[in-house]
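# Geometric and topological summary
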Amino acid sequence: MPILGTVASQFAGKPFSSFESIATYTVGAGGESEVEFASIPSTFTHLQLRGVVRTNRNDPRDALYFRYNGDTGSNYSWHWMHANGAGYAGGGSDINVAPTTCWTIVTSASQATGGVFANFVVDILDYKNTNKNKVTRSMTGFEPNSGDGRSWFISTLWKDTSAISNIYIKSPYGGTMQQHSQIALYGIRG
Amino acid sequence: MAAGATYEPIQTTTLNSDINSVTLSSISNSYTDLILVGYIQQDQSYDTPNIRFNGDTGANYSTLIFSGSTSIIASVRGSNETFIYGGYYAVPPIPDNFGTTILHINNYANTNIKKTVIVKSGRDTGGIDLHQGYWNSTAAINSITLFMSQNTKWAAGSVFTLYGIKAA
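Quantities reported herein were computed from a predicted structural model and do not represent experimental measurements.

### A few points about the overall build of chain B
Helix and strand counts for chain B come out as zero helices and 12 strands. In chain B, the succession of helices and strands from N to C terminus is β-β-β-β-β-β-β-β-β-β-β-β. Radius of gyration (C-alpha) of chain B: 16 Å, near the 15 Å computed for a compact globule of 168 residues. By principal-axis analysis of the C-alpha atoms, chain B measures approximately 45 × 35 × 30 Å. The buried share among the 168 residues of chain B stands at 51%.

### Quick look at the overall build of chain A
If you tally the helices and strands in chain A, you get zero helices and 12 strands. Tracing chain A from N to C terminus, the helices and strands come up as β-β-β-β-β-β-β-β-β-β-β-β. With the principal axes as the frame, chain A shows a C-alpha extent of 45 × 45 × 35 Å. Across the 190 residues in chain A, those meeting the buried criterion constitute 45%. Here the contacts in chain A between residues at least 6 apart in sequence split such that 79% fall between residues at least 24 apart.

### Side note on the sheet that holds strand β4 (residues 49-53) of chain B
Strand pairing within a sheet occurs via backbone hydrogen bonds; the two strands may be parallel or antiparallel. Residues and elements named next belong to chain B. Spatial ordering of the open sheet is given by β2-β11-β4-β7, a layout of four strands whose pairing is antiparallel. Unpaired on one side and paired on the other, β2 (21-24) and β7 (84-85) mark the two borders of the sheet. Pairing geometry for β4 and strand β11 (residues 144-148), over five bridges, is antiparallel. Counted as the bridge partner of N50 is F147 from β11.

### Observations concerning the confidence of the model for chain B
Chain-level statistics for chain B give a pLDDT mean of 93 and a share of 97% at 70 or above. Across chain B, element-level confidence peaks in strand β12 (residues 159-165) of chain B with a mean pLDDT of 97 and bottoms out in strand β1 (residues 5-14) of chain B with 92.

### Quick look at the nonpolar core
Counting 92 residues, the largest nonpolar core has V53(A), L34(B), I35(B), L36(B) and L103(B) as its most contacted members. Aside from chain neighbours lying at most four places away, what touches I35(B) is I102(B), L103(B), H104(B), Y163(B) and I165(B).

### Things to note about the interface of chain B and chain A
Contacts between chain B and chain A engage 49 residues on the former and 49 residues on the latter. Of all the elements in the fold, those that place two or more residues in the side of chain B that touches chain A are β1, β3 (33-40), β5 (61-68), β6 (73-81), β8 (99-106), β9 (115-123), β10 (127-135) and β12 of chain B. No other element matches the eight residues that β1(B) contributes to the side of chain B that touches chain A. Split by residue class, the side of chain B that touches chain A holds 21 nonpolar, 22 polar and six charged.

### Some points on the environment of N107(B)
One can find N107(B) in the loop between β8 and β9. Between the C-alpha atoms of N107(B) and I165(B), which are 58 residues apart in sequence, the distance is 9.9 Å. In this view, N107(B) contacts V52(A), Q182(A), T32(B), D33(B) and I113(B); residues no more than four positions away in its chain are not counted.

### Focus on the environment of D126(A)
Position of D126(A) relative to the elements: it lies in the loop between β8 (118-125) and β9 (134-142). For D126(A), the residues in contact, after removing those within four places along its chain, are T45(A), H46(A) and K132(A).

### As for the confidence of the model for chain A
In regions of low pLDDT, the predicted coordinates are not meant to be interpreted in detail. Confidence in the prediction for chain A averages 91 pLDDT; 90% of positions are at 70 or higher. Predicted confidence is poor over residues 1-10 of chain A, with pLDDT under 50, and the contacts of this stretch with residues over four places away or in other chains come to 18 contacts.

### Some points on the sheet that holds strand β4 (residues 61-68) of chain A
Residues and elements named next belong to chain A. With antiparallel pairing, the four strands of this open sheet are ordered in space as β2-β11-β4-β7. This sheet does not close on itself; its edge strands, each paired only once, are β2 (34-37) and β7 (102-108). With strand direction ignored, the average angle separating the axes of adjacent strands in the sheet is 20°. Here β4 runs beside β7; their pairing, made up of six bridges, is antiparallel. Following the sheet pairing, D62 is matched in β7 by T107.

### Overview of unusual backbone geometry
Residue and element names in this part refer to chain B. Of note in this structure, S26 is not a glycine but carries a positive phi near 55°. Structurally, S26 can be placed in the loop between β2 and β3. Although it is not a glycine, N107 sits at a positive phi angle of roughly 55°. With 27 C-beta atoms counted inside 10 Å, the residue N107 sits in the buried group.

What counts as what
- Residues numbered from 1 in each chain as written.
- Chains lettered and ligands numbered in written order.
- Predicted model: local features only at pLDDT ≥ 70, side-chain atom pairs only at ≥ 80, totals over all residues.
- Helix = DSSP H or I, 4+ residues; strand = E, 2+ residues; numbered from the N terminus.
- Rg over C-alpha atoms; globule rule 2.2 N^0.38 Å.
- Buried ≥ 20, exposed ≤ 12 C-beta atoms within 10 Å, placed from the backbone.
- Contact = placed C-beta atoms within 7 Å.
- Pairing = 2+ DSSP bridges.
- pLDDT = per-residue confidence, 0-100.
- Core = buried A, V, L, I, M, F, W, Y, C linked by C-beta atoms within 7 Å.
- Nonpolar A, V, L, I, M, F, W, Y, C, P; charged D, E, K, R; others polar.
- Axes fitted to C-alpha atoms, helices over the stretch in contact; angles between N-to-C directions.

Shown next, in the form of structure tokens:
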């Protein structure tokens, strides 16, 4: 994966072979309450999810949680820090609390400025390494010019060493992802 | 299932002399996301890197600033401004001491949504940032201008590279 562009001009128009698109969900007019990436191949080293999301929750913002491989047990935790333009905070859910999902993406919702979709970049590192519990890193949030906006930095844990082959994504508040939302899954080779 | 390689360098600008602004133009809409990587330094110790799209100089931007340094955590909003903050502090002209700023512009060509940006930046003199930027427009982004609001300059040696990512 390229880090700095000092040599990029030599490669203009030539895609890096280490970064591949795996699958993409684009939400249609009817909305989508959940998204699932199944049968994720184990041919990469890392995964990355990118996209834009807005839900119909009756609030300025919503969230999307992740579950892996259909595990509905109490095997997740996450920590976060965020700013809203007037203050900042940090917190999380310790593994001892053992939630059954991990909140990974923050989205805009129906009370946010019209047309504003939250954005996100989520890295799932070493997703197929069966010697490690799985961790993620998220940059996510939105700025709506007025009203409630957030910038979040989130880290999650799935306390399981299985290779990740399935990612299930849903709002914990029951929000439906709105038309034009998009979640794209990429694979990165080591 | 995988659709093949999809992360492409589009264009790179390397500065041979100090210059007021840099514009990456003629961006095609054939990608899904853009990533702009700036390896930057300024010619003065004040001012901040700023961003505009499509030449729009109106008060159509806002930034939710989240910045940390050795002594301060900042959470500030700049609404109805004429640019997005690409960093919260200057990158002063200290030899061999450059900063980075990385923009993630997801769904930049989607004319159904207003444009939001993740700004991740840092420098040795002044800490790190994770901003959210907003452009009050649904237009597809076809140019990105990086400049300083107080008329300082990008220093020679700064490098700006634009990448495109295409989803399957």
